[in-house]
Amino acid sequence: MDREADRYTLNNRELWDELAPVHFRSYDIKGFLSGHSSLDAIQMKDLGSIKGKKVLHLQCHIGLDTLSLARLGADVTGIDISPRSIEFAEKLKKRSGLDARFICSDIYRLEGKLKAGYDIVYTGQGVLCWLKDIKEWGRIISRYLEKGGMFYIMEGHPFSCIFESGGKGIRVEYDYFKPGPLRFDDWDADYSDPSYRVRSPSYEWQWTAGDIVNSLIGADLRIERFEEYPFLFFKRFKGMKKGKDGFWHFKSGTSGYVPLMFTLKARKI
Ligand SMILES: C[S@@+](CC[C@H](N)C(=O)[O-])C[C@H]1O[C@@H](n2cnc3c(N)ncnc32)[C@H](O)[C@@H]1O
């Protein structure tokens, strides 16, 4: 099973290598270079002041959020499995004149590449479905955190993963309790650049809310906050509209009342 999971992870790395240049064109790089942050108001408030803190950013992709954290005064290390993503992260670092360290690695193969002692481990916005082992995920976070250090994630709500676009809203399509992975090769368009048709298939795992919190609890992290929201950080379903707050909402109807996103804050004990 492990070897099979590794094969899926390698396939997913190809997908993220394909998407890195697409996102370097379609993410708001111009805005970022002119001083805007890619972090939204919820994350900013939840994180509080991170000036001078040692931050580890897991699954950092092209480094936009990593460098936004750096701009707030943190000493940040970003990790990503995709070499192309890290290439673009380095490019963005150079262009922005900000400082951060990027390491190209599978989060499951970090041992020997990274020392512990972080004040904050930060991750989120499309990360959990790429992870083959949710129990080990909590242990990795715990390994790199100082005692009293904070873990923070903003992520798509696991409950929302059972839906597909349908009619004016959403319809139930997937099992909540089946971790998968599921293969997707019928992407119509990339989430950030709708004009781009994704070529590589993806293999995605579906972790329940219980899997996520229990992974952290089992790794000596005390959950301090778990919030649910009826909106999301990307356009996941047809019919969603971007609000003034920068998040994607359903205009009306009951589908606006299902949880689409969560944030979680935990502390290493
Ligand atoms: C949706 S992106 C991250 C989202 C990020 N917030 C953003 O939008 O820029 C998911 C990232 O996870 C990375 N990834 C997937 N599996 C990984 C693994 N096992 N170890 C490290 N990175 C991984 C991918 O390469 C990709 O860059």
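The notes below deal with the structure included here. (Residues numbered from 1 in each chain as written. Predicted model: local features only at pLDDT ≥ 70, side-chain atom pairs only at ≥ 80, totals over all residues. Heavy atoms only, no water.)

Looking at the pattern of salt bridges
Reasoning step 1: The final tally for this structure, using the stated rule, is twelve salt bridges.
Reasoning step 2: When the shortest N-O distance is used, the salt bridge between Asp6 and Arg109 registers 3.3 Å. Of this pair, Asp6 sits in helix α1 (residues 2-26) while Arg109 sits in the loop between β3 (101-104) and β4 (118-124), placing them 103 residues apart in sequence.
Reasoning step 3: Judged by its relative accessible area of 48%, Arg109 is partly exposed.
Reasoning step 4: Arg225 is paired through a salt bridge with Glu227; the nearest N and O atoms lie 2.6 Å apart.
Reasoning step 5: Using a relative accessible area of 26% as the deciding quantity, one classes Glu227 as partly exposed. (Salt bridge = Lys/Arg side-chain N within 4 Å of Asp/Glu carboxyl O. Helix = DSSP H or I, 4+ residues; strand = E, 2+ residues; numbered from the N terminus. Buried < 20%, exposed > 50% of the residue type's maximum accessible area, 1.4 Å probe, protein only.)

Concerning the environment of Gly169
Reasoning step 1: By secondary structure assignment, the location of Gly169 is in strand β7 (residues 169-172).
Reasoning step 2: For Gly169, a relative accessible area of 9% corresponds to the buried category.
Reasoning step 3: When the C-alpha atoms of Gly169 and Gln206 are compared, they prove to be 21 Å apart, with 37 residues separating the residues in sequence.

Digging into the side chain of Thr77
Reasoning step 1: Mapped onto the secondary structure, Thr77 falls in strand β2 (residues 75-80).
Reasoning step 2: Side chain to side chain, Thr77 and Tyr118 meet in a polar contact 3.0 Å long.
Reasoning step 3: If we ignore the near neighbours within four places in the chain, the residues touching Thr77 are Val55, Leu56, His57, Thr66, Arg101, Ile103, Leu114 and Tyr118. (Polar contact = N/O pair within 3.5 Å; in protein donor to acceptor, adjacent residues only side chain to side chain. Contact = heavy atoms within 4.5 Å.)

Notes on the nonpolar core
Reasoning step 1: Ranked by size, the top nonpolar core spans 33 residues in total, and within it Ile107, Leu128, Trp137, Ile141 and Phe151 carry the most contacts.
Reasoning step 2: Mapped onto this core, the elements with two or more residues apiece are α1, β1 (54-58), β4, α6 (134-144), β5 (145-156), α7 (209-217) and β13 (261-268).
Reasoning step 3: Per-element accounting of this core gives the leading share, five residues, to α6.
Reasoning step 4: Of all hydrophobic cores here, the second largest spans 30 residues; its members include Met150, Tyr152, Val258 and Met261. (Core = buried A, V, L, I, M, F, W, Y, C linked by side-chain atoms within 4.5 Å.)

Brief notes about unusual backbone geometry
Reasoning step 1: Following Gly180, the chain continues into Pro181 via a peptide bond in cis, with omega recorded as 15 degrees.
Reasoning step 2: Considering the arrangement of structural elements, one finds Pro181 in the loop between β7 and β8 (182-184).
Reasoning step 3: Despite not being glycine, Gln59 shows a phi value in the positive range, around 60 degrees.
Reasoning step 4: Structurally, Gln59 can be placed in the loop between β1 and α4 (64-71).
Reasoning step 5: Exposure remark for Gln59: the relative accessible area of 16% places this residue in the buried category.
Reasoning step 6: Positioned with a positive phi, Gln125 is a non-glycine residue whose angle comes to about 60 degrees.
Reasoning step 7: Position of Gln125 among the secondary structure elements: in the loop between β4 and α6.

Let's talk about the site of the ligand
Reasoning step 1: With respect to spatial proximity, 17 residues lie near the ligand, and among them Tyr27, His61, Asp80, Asp106 and Ile107 are the closest.
Reasoning step 2: A distance of 2.8 Å separates an oxygen atom of the ligand from a polar atom in the side chain of Tyr27.
Reasoning step 3: With the chains in place, 96% of the 600 Å² that the ligand exposes on its own is no longer accessible.
Reasoning step 4: Looking at the shell around the ligand residue by residue, the classes come out as six nonpolar, eight polar and three charged. (Near = heavy atom within 4 Å. Areas by Shrake-Rupley, 256 points an atom, 1.4 Å probe, with all protein chains shown as cover. Nonpolar A, V, L, I, M, F, W, Y, C, P; charged D, E, K, R; others polar.)

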